[in-house]
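Next come the chains, spelled out residue by residue.
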Amino acid sequence: MNPKHALVIGGTGMLKDVSLWLTNEGFIVSIIGRSKSKHLDLVNKASHPELINSLMVDYNNHSLLEEGIRDAIGKHGPIALVVSWTPSLPSLEIANNIISEQSRKWKFFQIKGSRRYFNDDSLNISSSCEHRSIYLGFVIENNHSRWLTNREIAQGVIKSVIDDSKQSIIGRLHPYEKRPKY
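In this text, all values refer to a predicted model and were calculated from it rather than measured experimentally.

1. A look at the environment of histidine 39
Phase 1: Tracing the sequence through the fold places histidine 39 in helix α2 (residues 36–45).
Phase 2: For the pair histidine 39 and serine 54, spaced 15 residues apart in sequence, the C-alpha to C-alpha distance is 6.5 Å.
Phase 3: Setting aside chain neighbours within four positions, we find histidine 39 in contact with Thr12, Ile31, Ile32, Gly33, Ser54, Leu55 and Met56.
Phase 4: Looking at histidine 39, its side chain comes within polar contact range of the main-chain oxygen of glycine 33, at 3.2 Å.
Phase 5: One polar contact links histidine 39 to serine 54, side chain to side chain, over a distance of 3.0 Å.

As structure tokens, then:
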């Protein structure tokens, strides 16, 4: 049996630990990211580097994004799971359309910033996709707020994938006026 295939958009930065976890779970992980050095760092830290398919693509370059996803599917089979941290709806719709051509069920974990919890954009999702929303909040410590660390985000995303909830929040979103200033 072939391993399951996952796609992580933005998988070399904030989601690096998610990408590594997926390989430890036996997924072939196609990872979209722009930085060659971050891709190499990820491969060097992987327990199973043979399960990493690096796609050095800027997700805003739609023709290269489409080509990269199609190439990944051609080499490693249908994509069963997508984890994405990108606010680019056109990029996500391209990924959705290509992956949905597989005519099989797949799960999409879309990571969103805290503002999108209160004013979300709608994404056209195919019927073959089980869409999940993961909202990133903040932490209050010692009467001060701070943004989540990459480690906290990755741990929360992994928990959300395991729990398979339609909606989850990492950190907190309320009281919204207490969130950190940029």
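2. Brief notes about the pattern of salt bridges
Close approach of charged atoms allows side chains of opposite charge to pair.
Phase 1: A complete count under the given rule lists eleven salt bridges for this structure.
Phase 2: Note that glutamate 130 is salt-bridged to arginine 132, the shortest N-O span being 3.1 Å.
Phase 3: Given a relative accessible area of 7%, arginine 132 falls into the buried group.

3. Quick word on helix α6 (residues 150–163)
Phase 1: Between the first and last C-alpha of α6 there are 20 Å, a value that for 14 residues agrees with the 20 Å anticipated at 1.5 Å per step.
Phase 2: Trailing α6 by a residue or two, aspartate 164 shows a phi angle of about 55°, which is positive.

4. Some words on the sheet that holds strand β5 (residues 106–112)
Phase 1: Judged by pairing direction, the sheet is parallel, and its seven strands sit side by side in the order β3-β2-β1-β4-β5-β6-β9 without closing on themselves. At either margin of the open sheet sits one strand with a lone partner, and together these are β3 (52–56) and β9 (167–170). Each adjacent strand pair in this sheet contributes to an overall mean axis angle of 15°, direction not counted.
Phase 2: Summarising the sheet, β5 and strand β6 (residues 129–136) pair through seven bridges and their orientation is parallel. Looking at β6, one finds that tryptophan 106 is bridged to cysteine 129.

5. Some details on the side chain of lysine 112
Phase 1: For lysine 112, the location among the structural elements is in strand β5.
Phase 2: A polar side-chain atom of lysine 112 sits 3.2 Å from a polar atom in the side chain of serine 133.

6. Regarding unusual backbone geometry
Phase 1: Each neighbour pair has its own omega, and for histidine 174 with proline 175 the value is -5°, a cis peptide bond.
Phase 2: Structurally, proline 175 can be placed in the segment after β9.
Phase 3: Its identity as a non-glycine residue notwithstanding, asparagine 143 has a phi of 65°, on the positive side.
Phase 4: In this structure, asparagine 143 sits in the loop between β7 (138–141) and β8 (144–147).
Phase 5: Of the residues examined, asparagine 143 reaches a relative accessible area of 77% and is grouped as exposed.
Phase 6: Positive phi, close to 55°, is recorded for aspartate 164, a residue that is not glycine.
Phase 7: Position of aspartate 164 relative to the elements: it lies in the loop between α6 and β9.
Phase 8: A relative accessible area of 24% means that aspartate 164 is categorised as partly exposed.

7. Topic: the pairing of β8
Phase 1: Of the strand pairs in this sheet, β7 and β8 are connected by four bridges, and their pairing is antiparallel. Of the residues in β8, the one forming a bridge with phenylalanine 138 is tryptophan 147.
Phase 2: Counted between consecutive antiparallel strands, the loop separating β7 from β8 contains two residues, among which asparagine 142 sits at a positive phi close to 50°.

About the criteria used
Residues numbered from 1 in each chain as written. Predicted model: local features only at pLDDT ≥ 70, side-chain atom pairs only at ≥ 80, totals over all residues. Heavy atoms only, no water. Helix = DSSP H or I, 4+ residues; strand = E, 2+ residues; numbered from the N terminus. Contact = heavy atoms within 4.5 Å. Polar contact = N/O pair within 3.5 Å; in protein donor to acceptor, adjacent residues only side chain to side chain. Salt bridge = Lys/Arg side-chain N within 4 Å of Asp/Glu carboxyl O. Buried < 20%, exposed > 50% of the residue type's maximum accessible area, 1.4 Å probe, protein only. Expected span 1.5 Å × (residues − 1). Pairing = 2+ DSSP bridges. Axes fitted to C-alpha atoms, helices over the stretch in contact; angles between N-to-C directions.

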